[in-house]
Amino acid sequence: MAEALLELRGVAIAFGGLRAVDDVSLAVAPGSLSALIGPNGAGKTTLFAIASGFLRPDRGTVRFEGRDITGRPPHLNARAGMTRTFQIVQPFAGQTVRDNIAVGAHLHLAARRAALAEAERVAARVGLDTQLDKPAADLTVAGRKRLELARALATAPKLLLLDEVLAGLNPQEIAEMLPVVRGIVAGGVTVLMIEHVMQAVMNLAEQVWVLSQGRLIAQGTPAEVTRDEAVVEAYLGHGTARRLLQEAVP
Amino acid sequence: MKDLIAIAAFVALVAALLAGADSGVVLNFVTMALYATLLAQAWNLLGGYGGQFSFGHALFFGTGAYAQAIAQLQTGLPAWVALPLAVLAAAVVALFVGALTFRYGLKGSYFALVTLAFAEVFRIVALQLPITGAGVGLMLPLQESLAALQFGSPRGYGWMALALVALALLTTSWLRHSRFGARLQAVRDNEDAARALGIDPFATKLAACVLSGTFMGAAGAFYVQMFHYIDPAIAFGPTTSVEALLGAIVGGMGTLWGPVLGALALHALSDLTRNLFGDLPGLNMVIYGLVLVLIVTFMPRGIAGIGQSVRQRWQGGGRG
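Quick caveat, the model's predicted, so the values are computed rather than measured.

Draft legend 1. Highlighting helix H11 (residues 238–251) of chain B. All names here are of chain B. With 14 residues, H11 should cover 20 Å at 1.5 Å per step; its first-to-last C-alpha distance of 20 Å lies within 8% of that length. With 11 of 14 residues buried, H11 lies mostly within the body of the structure. For H11, every residue scored as buried is listed here: Thr240, Ser241, Glu243, Ala244, Leu245, Leu246, Gly247, Ala248, Ile249, Val250 and Gly251. Buried residues along H11 sit in contact with helix H2 (24–47), helix H3 (58–73), helix H5 (108–128), helix H12 (258–276) and helix H13 (283–298). Within two residues after H11, Gly252 carries a phi angle of roughly 130 degrees, on the positive side.

Put into structure tokens, the structure is as follows:
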């Protein structure tokens, strides 16, 4: 395997007595589309915050393109090519969609005109091109998720950390988003996504890590992890895997 | 481009007023309204576009004013040389205070309190030091000439204020159409999202603070040139801080013309109440305060956002 783009080694962080992330190691291959799944409160978003520099881990290291970036502030990570989105969308509410995306584009483009033009191009990629002049606050949930994605994409990242860009969307909207995400990867951006929508994970991800109570409990292809007993139990409760098996074989 | 045309039109209009008016009352009104505009626009750069609500902007104003006076009195520099020094001094103080407060992530009311505290500290220090004239203050010798930046009529000061306001408007317009401005507003609207997009909130806010302080310093220097006098209460007292932030808030924060409208409206209001109720001392302040409360309650976007506020109220009323 080529050198990992993002590599976490033995990362751990505790909030008071709660071990939010406990000894997690994973490596994201360049050009891949992988997913991080797990029940609510498993520590997925916390792991993202550590990878992107919003939190400094108590133990372990974060490496990006082979360099140790543990605890480096997020704006420097973004400049180096790693951009995250937020599960709870964080638009610049008073500004238009175009202005929002242009903020991302300004990372590499100093001129206002160039950033605004780039914002239009990125908006077209995620299907926001008809709403460019709307205030971000007036967008629907689906629109805001697209905006979150567009803004991150406008920074021209090497690695995109997507935190539940599909949550809260209806099946129709999800179906519309899947090709968008696939298109981003096809465009050469490595994507690591946190996702609850299993349909999407099965559909998109090449590699899946499963996090439960701060620990990595399984990894593999989507088909492998969904068959994993530990994963089923983490989602559905202790003993479920055996019960399901018994019901399946009468 | 639209901004530039509007600014040119505004400057032309005020210039015509300054050139044409004969009455000292009118000239004085225009000059003082421009001065209030300068304060409001300076505050707007950091408060309106950066979302950092300073309650102690007099800190930079007073620094500029004292630097302007001290440079002339103690070192004998000409007023024209003192002016850039005064602006620089204010910028340095803004850099220092901004670095200290933003480094520790002070926001909202904490930022407001710390700036207020700094202004008070400077006021008390100015009361003690011989170089600031202590409680007596500093007085510039009367010397009416362009070289000394002192003018025989209010008209001269009007031109000077207009030049500074034009510069502040141009700077604000640049802010609205530049990468720095986009980043500043991003930090104002959502600091975490801004960080994720590669923006350094500390550096961004600090730069805005210095820019804002620079214009406050220029306003301080202007004040000394016009009134030939500065003391600790005028320089660092809350009056100037409040005048700066009210002008921007009443007019409309984060807009190009809001501070102009706000400063003009407040200045007209305070003149009017003083003239009407001058024989009932204090009543003018009551009316002034009442109008302020009404404006802040019913026009949260200020005068510049009045259309938007009315629309929203109308729609909100329709829903019950």
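Draft legend 2. Just the sheet that holds strand S4 (residues 59–64) of chain A, in detail. Residue and element names in this part refer to chain A. Taken in spatial order, the 4 strands line up as S2-S1-S4-S5 in an open sheet, and their pairing is antiparallel. Each edge of the open sheet is held by one strand with a lone partner, namely strand S2 (18–28) and strand S5 (67–68). Strand direction decides the pairing type here: strand S1 (residues 6–15) and S2, joined by 7 bridges, are antiparallel. Directly across from Val11, in S2, lies its bridge partner Val24.

Draft legend 3. Just the nonpolar core, in detail. The biggest cluster of nonpolar side chains holds 176 residues, and the ones touching the most others in it are A:Ala150, B:Leu38, B:Ala42, B:Ala161, B:Ala219 and B:Phe222. If one sorts the elements of this core by residue count, helix H9 (residues 201–227) of chain B sits on top with 14 residues. Excluding residues within four positions of it along the chain, B:Ala42 makes contact with B:Ala168, B:Ser212, B:Phe215, B:Met216, B:Ala219 and B:Ala244.

Draft legend 4. The confidence of the model for chain B, seen in detail. Residues at a pLDDT of 70 or more form 97% of chain B, whose mean pLDDT is 89. For chain B, helix H14 (residues 306–318) of chain B is the element with the lowest average pLDDT, namely 65, and H9(B) is the one with the highest, namely 96.

Draft legend 5. Quick peek at the packing of H11(B) against H12(B). Residues and elements named next belong to chain B. For the pair H11 and H12, interaxial distance at closest approach is 7 Å and the crossing angle is 110 degrees. Taken together, the axes of H11 and H12 lie roughly perpendicular to each other. Classified by chirality, the crossing of H12 by H11 is right-handed. From H11, Leu246, Gly247, Ala248, Val250 and Gly251 reach across to H12, where they touch Gly258, Pro259, Val260, Leu261, Gly262, Ala263, Ala265 and Leu266. Taken together, the residues that form the contact of H11 with H12 break down as 9 nonpolar, 4 polar and no charged.

Draft legend 6. Main features of the sheet that holds strand S3 (residues 33–37) of chain A. Residues and elements named next belong to chain A. The mixed open sheet is built from 6 strands, whose spatial order is S6-S7-S8-S3-S9-S10. On the outer flanks of this sheet lie strand S6 (82–84) and strand S10 (215–220), each paired with one strand and no other. When the angles between neighbouring strand axes are averaged without regard to direction, this sheet yields 15 degrees. Relative to strand S9 (residues 207–212), S3 runs parallel, the two sharing 4 bridges. Bridge pairing links Ala35 to Val208 in S9.

Draft legend 7. Just helix H4 (residues 112–126) of chain A, in detail. Between its first and last C-alpha, H4(A) extends 21 Å over 15 residues, near the 21 Å set by a 1.5 Å rise per residue. Within H4(A), the full set of buried residues consists of A:Ala115, A:Glu118, A:Ala119, A:Val122, A:Ala123 and A:Val126. Along the long axis of H4(A), the arc covered by the buried residues comes to 145 degrees, so they all point the same way. Residues of H4(A) that are buried in the fold lie against helix H3 (97–105), helix H5 (141–153) and helix H6 (171–186) of chain A together with helix H7 (179–189) of chain B.

Rules used throughout
Residues numbered from 1 in each chain as written. Chains lettered and ligands numbered in written order. Predicted model: local features only at pLDDT ≥ 70, side-chain atom pairs only at ≥ 80, totals over all residues. Helix = DSSP H or I, 4+ residues; strand = E, 2+ residues; numbered from the N terminus. Expected span 1.5 Å × (residues − 1). Buried ≥ 20, exposed ≤ 12 C-beta atoms within 10 Å, placed from the backbone. Contact = placed C-beta atoms within 7 Å. Pairing = 2+ DSSP bridges. Core = buried A, V, L, I, M, F, W, Y, C linked by C-beta atoms within 7 Å. pLDDT = per-residue confidence, 0-100. Axes fitted to C-alpha atoms, helices over the stretch in contact; angles between N-to-C directions. Parallel < 35°, antiparallel > 145°, perpendicular 65-115°, else oblique. Left-handed = near helix turned anticlockwise from the far one by under 90°. Nonpolar A, V, L, I, M, F, W, Y, C, P; charged D, E, K, R; others polar. Arc of directions from axis to C-beta.

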